[in-house]
Amino acid sequence: MGAVIALDALLDQRRVWKGQAGSAARSLQPTGHAALDAALPLGGWPDAALSEILLAAPGLGELSLLWPTLARLTRAGQRVVLVAPPYIPYAPAWQQAGIDLRWLQWVDSHGDALWAAEQCLRSGSCAAVLCWPPQADDRALRRLQVAAETGQSLAFAYRPAAQRINPSPAALRLLLEPGRLQVLKCRGGLPPAHPIPFACGA
């Protein structure tokens, strides 16, 4: 009888996870790609978290993957920051994608891109921060994850596909290959078993 009372007390204090299906929170940040949203357990980008996008090669649609989200954020008057992109952003293409350039900022910080991205995320003044860190170990990525939580921002790190073998604290890891996206890791559930079709510019 004492064990039943003790268990009831733990349940009342919400110290035991009941494992109820469908109890996970839903993302408030849809990706803008219906197939990807349907494949992710939270239905979109993980809130206030780091998402890692691993690239088999540049130019596979890595920017168009985020453009629907960035367009929605900037149209709502929320700041988006690009930290050390590998190429100079072509403003007309971003504008054509629906992004309000008044809310888009570019930080050319190749010397310490991780530090710059972390500061932007921690500030709480950025809705999303995109970075292209040349070198980032587990500790550096964890700092970005914590900074995203602190500033309640979306963090996106573009990295080479070869990094998939290394552990990562990112809440979401996507592998972008020609014509498809593979979810390697996702918060809130198991990654889908099959890749998601994704065309450059989709």
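It should be noted that the structure appears before, not after, this text.
(A) Looking closely at the sheet that holds strand β6 (residues 172-177). Strand order in the open sheet formed by eight strands is β3-β2-β4-β5-β1-β6-β7-β8, and the pairing between neighbours is mixed. Each edge of the open sheet is held by one strand with a lone partner, namely β3 (104-107) and β8 (196-197). Pairing geometry for strand β1 (residues 50-55) and strand β5 (residues 154-160), over six bridges, is parallel. For S51, the partnering residue across the bridge sits in β5 and is F156. The sheet contacts of helix α3 (residues 62-75) involve β1, β2 (80-83), β4 (128-131), β5, β6 and β7 (180-186), and relative to β5 the element is tilted by about 165°.

(B) Local environment of the side chain of E62. Note that E62 resides in helix α3. Summary of buried charges: E62 has no salt-bridge partner, and the nearest side chain of opposite charge, R159, is 14 Å away. Here the side chain of E62 touches L60 through a polar contact of 2.9 Å, landing on its backbone nitrogen. Apart from the residues lying within four places of it in its own chain, the contact partners of E62 are L55, A57, Y158 and L176.

(C) Spatial organisation of empty space enclosed by the protein. Tallying each qualifying case throughout the model produces one cavity of 30 Å³ or more. By volume, the largest cavity is sized at about 50 Å³. The wall of the largest cavity is formed by L40, P41, L42, G44, W45, P46, A171, L172, C186 and R187.

(D) Layout of the pairing of β5. Buried residues dominate β5, accounting for six of its seven residues. Bridge count between β4 and β5: four bridges; the pairing is parallel. By the bridge assignment, L130 is partnered in β5 with F156. For the segment spanning β4, helix α6 (residues 138-151) and β5, crossover handedness is right-handed.

The rules behind each value
- Residues numbered from 1 in each chain as written.
- Predicted model: local features only at pLDDT ≥ 70, side-chain atom pairs only at ≥ 80, totals over all residues.
- Heavy atoms only, no water.
- Pairing = 2+ DSSP bridges.
- Helix = DSSP H or I, 4+ residues; strand = E, 2+ residues; numbered from the N terminus.
- Contact = heavy atoms within 4.5 Å.
- Axes fitted to C-alpha atoms, helices over the stretch in contact; angles between N-to-C directions.
- Buried < 20%, exposed > 50% of the residue type's maximum accessible area, 1.4 Å probe, protein only.
- Lys, Arg positive; Asp, Glu negative; His and termini not counted.
- Salt bridge = Lys/Arg side-chain N within 4 Å of Asp/Glu carboxyl O.
- Polar contact = N/O pair within 3.5 Å; in protein donor to acceptor, adjacent residues only side chain to side chain.
- 1 Å grid on protein atoms, 1.4 Å probe; cavity = no way out; pocket = protein on both sides within 12 Å on 5 of 7 lines; lining within 4 Å.
- Points joined across faces, edges and corners; volume = space filled by probe spheres on them.
- Right-handed = clockwise from strand over helix to strand, strands pointing away.

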